[in-house]
Amino acid sequence: MKKNWNITVQLLSLVCALFIFNACGDEELVDPGGNELTAQKRIDHTLNVEGKSREFIVFQPAGIQVSSPVPVVFMLHGTSGDGEKFYNISGWKEKAAKEKFYAIFPSSLAYCITEDGVKSTTTKWRHYDLDSIACPGQKIYDDVKFFREMLKFLQSKYPIDPKRVYVSGFSNGGQFTFRLAVEASDVVAAVAPFGCLFTEQNKTPLSLIPIYHGLGNMDDRFFGLNNGQPLPMGAPLMDLGGMKRGTSTVCNTFGLTYANTLKETASSAFWTFNTPTKGNTNVYHLHEFKDMAHEYPNGTNYPIAATDLLWPFFSKYSK
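These numbers were taken from a predicted model, which means no experiment stands behind them.

Undergrad: Help me get a handle on the pairing of strand β14 (residues 284–289), residues and values and all.
TA: Counted residue by residue, β14 has six buried out of six residues, so it is predominantly covered. Alternating residues of β14 divide into Y284, L286 and E288 and H285, H287 and F289, and every residue in both groups is buried. Where strand β11 (residues 211–216) lies against β14, six bridges are found, and the strand directions are parallel. Within β14, the residue paired with L215 across the bridge is E288. In terms of strand pairing, strand β13 (residues 268–273) meets β14 through six bridges, oriented antiparallel. Across the sheet, A269 pairs through a bridge with E288, a residue of β14.

Undergrad: Lay out the environment of S156 with the relevant residues and their values.
TA: By the secondary structure assignment, S156 is in helix α5 (residues 143–157). What makes S156 exposed here is its relative accessible area of 54%. Here F153 takes part through its backbone oxygen, which lies 2.6 Å from a polar atom of the side chain of S156.

Undergrad: Give a detailed account of the state of the cysteines, specifying residues and quantitative values.
TA: Within this structure, the stated rule accounts for one disulfide. A sulfur-sulfur distance of 2.0 Å marks the disulfide that ties C112 to C135. Across the S-S bond linking C112 and C135, the dihedral sits near -60°, which makes this disulfide left-handed. Note that C112 is positioned in strand β7 (residues 109–115) and C135 in the loop between α4 (130–133) and α5, a separation of 23 residues in sequence.

Undergrad: Which residues make up the pattern of salt bridges, and what are the values?
TA: What the rule picks out here adds up to twelve salt bridges. Close ionic contact of R126 with D131 constitutes a salt bridge, the shortest N to O distance being 2.8 Å. Measuring nitrogen to oxygen at the nearest pair gives 3.6 Å for the salt bridge that ties K152 to E149. Note that K152 and E149 are positioned in helix α5 at a spacing of three residues, about one turn of the helix. E149 sits in the partly exposed class, given a relative accessible area of 28%. If you follow the salt bridges from partner to partner, you end up with R42, D44 and E84 in one network.

Undergrad: Any details on helix α6 (residues 172–183)? Residues and values, ideally.
TA: Its twelve residues place the ends of α6 16 Å apart at the C-alpha level, agreeing with the 16 Å of an ideal helix rising 1.5 Å per residue. In terms of burial, α6 is largely enclosed, as ten of its twelve residues are buried. Listed in full, the buried residues belonging to α6 are N172, G173, G174, F176, T177, F178, R179, L180, A181 and V182.

Undergrad: A description of helix α3 (residues 92–99) should follow, citing residues and the corresponding values.
TA: Residues W92, K93, K95, A96 and A97 constitute the buried set of α3. Each element contacted by the buried residues of α3 is listed here: β4 (52–60), β5 (70–76), α2 (83–89), β6 (102–106), β9 (160–170) and α8 (306–314). Looking at the residues trailing α3, positive phi occurs at K100, about 70°.

Undergrad: If you had to explain the side chain of R54 to someone new, which residues and values would you point to?
TA: Relative to the elements of secondary structure, R54 occurs in strand β4. Side chain to side chain, R54 and D143 meet in a polar contact 3.0 Å long. When residues no more than four places from it in sequence are discounted, the contact partners of R54 are H45, T46, L47, V49, S107, S108, L109, W125, Y141, D143 and F146.

Undergrad: Please provide a residue-by-residue account of the environment of P61, values included.
TA: Positionally, P61 belongs in the loop between β4 and β5. Leaving out residues up to four positions away in the same chain, P61 has contacts with T38, A39, Q40, A96, A97, K100, F101 and Y102.

Undergrad: If you had to explain the nonpolar core to someone new, which residues and values would you point to?
TA: Grouped together as the largest cluster of nonpolar side chains are 54 residues, with contacts concentrated most on F56, F74, Y102, I104, F147, M150 and L154. With seven residues, the top contributor of residues to this core is α5. In this view, F56 contacts I43, D44, H45, L47, I104, F105, P106, F146, M150, F153 and L154; residues no more than four positions away in its chain are not counted. Residues A189, A192, Y302 and F313 belong to the second largest nonpolar core, which totals 31 residues.

Basis of the calculations
- Residues numbered from 1 in each chain as written.
- Predicted model: local features only at pLDDT ≥ 70, side-chain atom pairs only at ≥ 80, totals over all residues.
- Heavy atoms only, no water.
- Buried < 20%, exposed > 50% of the residue type's maximum accessible area, 1.4 Å probe, protein only.
- Helix = DSSP H or I, 4+ residues; strand = E, 2+ residues; numbered from the N terminus.
- Pairing = 2+ DSSP bridges.
- Polar contact = N/O pair within 3.5 Å; in protein donor to acceptor, adjacent residues only side chain to side chain.
- Disulfide = S-S within 2.5 Å.
- Salt bridge = Lys/Arg side-chain N within 4 Å of Asp/Glu carboxyl O.
- Expected span 1.5 Å × (residues − 1).
- Contact = heavy atoms within 4.5 Å.
- Core = buried A, V, L, I, M, F, W, Y, C linked by side-chain atoms within 4.5 Å.

So, in structure tokens, the structure goes:
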């Protein structure tokens, strides 16, 4: 009887290791080959940066070999949001669970700002314009430093591949993603800002990295580019002065000419700017989504999920 009981225990242990998404606890597991595996879990962290407590959520998928480094994707929320919100709605934890990489959901800090003539206190990443709209008398913290310290911490705690670090951001988080593409591109392999434009002049990236840029033609943040109307789809979009300035700025900043190709479907328009000016191999994609408002598409709020487009894009690139 004791022998049979031992066999049963061994079989149950094997089943638990194989079916790592089931409720086998949060302990690290071992697969039949003897490799130590991660269990799926959420881990909340705080990190002191510049004397300020900063928060971020780590989603760890099940089944990662602890000894084998894997990619990591950072998802940056928009104004008034936080890491919790985009942990729940972005789709990145689900994509990470399926494709076996870490997904990180940091939170920005809250500031008093005056925007469009309205004063409020809300969360904001320190994009290039934050200092100009912040109410006087408050300290504005260095979010690029926070990102670097967070990445350093994560690499000390988790099996993260330093050559495969990716960032996506929405709205204000997208603006800050562009800033990271300039100021942290030595450690980031590719970025994907959504729901924003990049208009900063005379910025010099530390490295020239691939960019996937998304926006919706029904995003009312951009109606001012078209006399208060929705953005036109396809080729006429680049006839708008503000849009052409924005895309030209990206090309000028990241070492690309303005030569591009356009592919259109019934639901989107997709530009590729990939003629390098300095012998580099980076690329800039602009993806316009028909009938999409100011949102990060997740398959529920819009028929297409950004993660289904961005993970194949990200996974092509490494440092």
